[in-house]
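A closer look at the structure
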Amino acid sequence: MQRAAILHADLDAFYASVEQLRNPELRGKPVAVGGSVVLAASYEAKARGVQGGMPGWRARRLCPELIVVPGHFEEYVPLSKRVMEILGSYTPAIQQISIDEAFLDVGGSERLFGPPEVIAHEIRRRVRDEVGLPISVGVAGSKHLAKVASQVAKPDGLVIVPVGQEREFLDPLPVGLVWGVGPVTRERLHARGITTIGQLARSDPGVLERLLGGARGRHLSAMANDEDGRTVERGGPGSSVGAQSAFGRAEPTPDLITEVLGHLSDRVAARLRKKARAGRTVTVRVRFPGMRSVTRSVTVEHPIESTLTLREVAESLVSVALAENPEQREVTLLAVSVSSLVDDPDTQLELGVDDDPHRSSSPTGAARVAVDRSMDAVRERFGRDAVGYASVALSKRRRVPDAFRELVERDRD
């Protein structure tokens, strides 16, 4: 008989929980990490409506007794590694998908550690005793179902979905718990009377495709019906690297676009080079007021790893998106991602080719990569703020520290 052997382990309000661990006087109190922008909130703060990404002034209005603390980013990664070591002691089949969550397949570990529910209990106990942090765990027969179960288990709980009881568990849950349903999609579904996962599962796939788009409609229909054949993948490089910057309503002036895309391209390209990767497909997302977004992408002939090249390609795509939406006078978010990744060998100059700056083997292209790698080396030794392109280093828009951005931005597998 098939057993529910996939676990999704998710640290509860990780950044805020770390701050409460550092300072026991904060335990049980509403805590926000950040300043002008809330980077993370404790469950006590979330109960008052405080959410990550919210302006600090609004958070204080919702919760006057809110305690705001700066993030101690240097402590987050070591604590995350300690937790992942505990998870990895039960199975080699572990897939970390962010700093504070991971999937495990414990199907081959039962003879050593007992059934999956026993392993889940032990994981929660050890993380609490050895690290001092709360963690919620979902146990199920698929990755998507295990993730839903861990969300239901929060805060600091355990939910097990036995094989054969998936529908009884899923059907009454709110549709927003489906992996991939964000606020905009949730509102579109609600407008069609689809408020639970059961209703989503019973909806006509063709209607969902027309409402949400073909691929997205099919994906959400499959997730709602627990049609998830994905396995727990061990390690491996991500297939895309991205970053985004949200801000208040702003006119998309050339200076704003160059500044924001320069910052995003700097972060994305640096992470590509650190992984020794480059990518051929560049995608941008532009969000307008009212949560309406458009995306534009292009696949280039030569893989990109240079910050300046990525920024130039991203700028051209954003220009197209803005030109196609002339009625939109303001933007609220810009995002850049690179996919179709390939291994990035050391660049060698090619003789007899045009000096195309977007080709890393051309003189200008090679010079760009050399400058980037020199900056990478300086930053590795002296910190990210030690050197950078002027449009990025002198920007006044960096309200969210890069240390936090690098923790929460996920390179997708």
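Note that this is a predicted model, so its numbers are computed, not measured. (Residues numbered from 1 in each chain as written. Predicted model: local features only at pLDDT ≥ 70, side-chain atom pairs only at ≥ 80, totals over all residues. Heavy atoms only, no water.)

Along its length, the protein carries 17 helices and twelve strands. The burial tally for the protein puts 48% of its 413 residues in the buried class. Restricting the contact set of the protein to residue pairs at least 6 apart, pairs at least 24 apart contribute 66%. Counting every atom, the protein has about 19,800 Å² of accessible surface; 51% of that belongs to carbon and sulfur. (Helix = DSSP H or I, 4+ residues; strand = E, 2+ residues; numbered from the N terminus. Buried < 20%, exposed > 50% of the residue type's maximum accessible area, 1.4 Å probe, protein only. Contact = heavy atoms within 4.5 Å. Areas by Shrake-Rupley, 256 points an atom, 1.4 Å probe, with all protein chains shown as cover.)

Right, let's talk about the nonpolar core for a bit. Leu 7, Phe 14, Tyr 76, Leu 87, Leu 104, Ile 123 and Val 127 are the most contacted members of the largest nonpolar core, which has 39 residues in total. If you list the elements that add at least two residues to this core, you get strand 1 (6-11), helix 1 (14-22), strand 2 (31-34), strand 3 (38-41), helix 4 (73-88), strand 6 (101-105), helix 6 (116-131) and strand 7 (135-140). Ignoring anything within four residues of it in the chain, the contact list for Leu 7 reads Ala 102, Phe 103, Leu 104, Val 106, Pro 116, Ile 119, Ala 120, Ile 123, Val 137, Gly 138, Val 139 and Ala 146. (Core = buried A, V, L, I, M, F, W, Y, C linked by side-chain atoms within 4.5 Å.)

This part is about the sheet that holds strand 4 (residues 67-69). Through backbone hydrogen bonds, the strands of a sheet pair up, either in parallel or in antiparallel fashion. The three strands are arranged 3-2-4 in an open sheet whose pairing can be described as mixed. Where the open sheet ends on each side, the last strands, each with one partner, are strand 3 and strand 4. Neighbour to neighbour, the strand axes of the sheet diverge by 30° on average, direction disregarded. With three bridges joining them, strand 2 and strand 3 adopt antiparallel strand pairing. Paired with Gly 34 across the strands is Val 38, a residue of strand 3. Sheet strands in contact with helix 1 are strand 2, strand 3 and strand 4, and its direction is about 110° off that of strand 2. (Pairing = 2+ DSSP bridges. Axes fitted to C-alpha atoms, helices over the stretch in contact; angles between N-to-C directions.)

Right, let's talk about the pairing of strand 10 (residues 277-287) for a bit. Burial within strand 10 is extensive, with eight of its eleven residues counted as buried. Pairing between strand 10 and strand 12 (residues 331-343): ten bridges, direction antiparallel. Looking at strand 12, one finds that Val 284 is bridged to Val 336. For strand 10 and strand 11 (residues 293-304), the ladder comprises eight bridges, and the chain directions are antiparallel. Paired with Arg 287 across the strands is Ser 293, a residue of strand 11. The turn linking strand 10 back onto strand 11 is made up of five residues, and Gly 290 within it adopts a positive phi angle of 85°.

What follows is about the environment of Leu 87. Following the sequence through the fold, Leu 87 ends up in helix 4. We classify Leu 87 as buried; its relative accessible area is 0%. Through-space distance from the C-alpha of Leu 87 to that of Phe 103 is 9.2 Å; in sequence the pair is 16 residues apart. Leaving out residues up to four positions away in the same chain, Leu 87 has contacts with Ala 9, Ile 94, Ala 102, Leu 104 and Ile 123.

Further remarks concern the confidence of the model for the protein. When pLDDT drops low, the exact placement of atoms in the prediction is not to be read closely. Confidence in the prediction of the protein, expressed as mean pLDDT, is 85, and 86% of residues score 70 or more. Scored below 50 in pLDDT, residues 345-353 shows 14 contacts in the model against residues more than four places distant or in partner chains. (pLDDT = per-residue confidence, 0-100.)

Before going further, it helps to spend a moment on the packing of aromatic side chains. Applying the stated rule across the entire model yields five aromatic pairs. For the ring pair Phe 14 and Tyr 76, a centre distance of 6.0 Å and an interplane angle of 55° mean the geometry is tilted. Remark: Tyr 76 occurs in helix 4 and Phe 14 occurs in helix 1; sequence separation between them is 62 residues. On the basis of relative accessible area, Phe 14 is assigned to the buried category, the value being 2%. For Tyr 76, a relative accessible area of 0% gives the class buried. The ring of Tyr 43 carries the charged tip of Lys 46 above its face, separated from the ring centre by 4.8 Å. Positioned over the ring face of Trp 179 is Lys 147, at 5.1 Å from the centre of the ring. (Phe/Tyr/Trp six-rings, centres within 6.5 Å; stacked < 30°, edge-to-face > 60°. Lys NZ or Arg CZ within 6 Å of the ring centre and 35° of its normal.)

Right, let's talk about the pattern of salt bridges for a bit. Counted by the stated rule, this structure contains 21 salt bridges. Note that Arg 296 is salt-bridged to Glu 324, the shortest N-O span being 2.5 Å. Here the residue Arg 296 occupies a position in strand 11, and Glu 324 occupies one in the loop between helix 14 (307-323) and strand 12, the gap between them amounting to 28 residues. Judged by relative accessible area, Glu 324 falls into the partly exposed class, the value being 46%. Shared partners join several salt bridges into a network, and the residues in it are Asp 10, Asp 12 and Lys 154. (Salt bridge = Lys/Arg side-chain N within 4 Å of Asp/Glu carboxyl O.)

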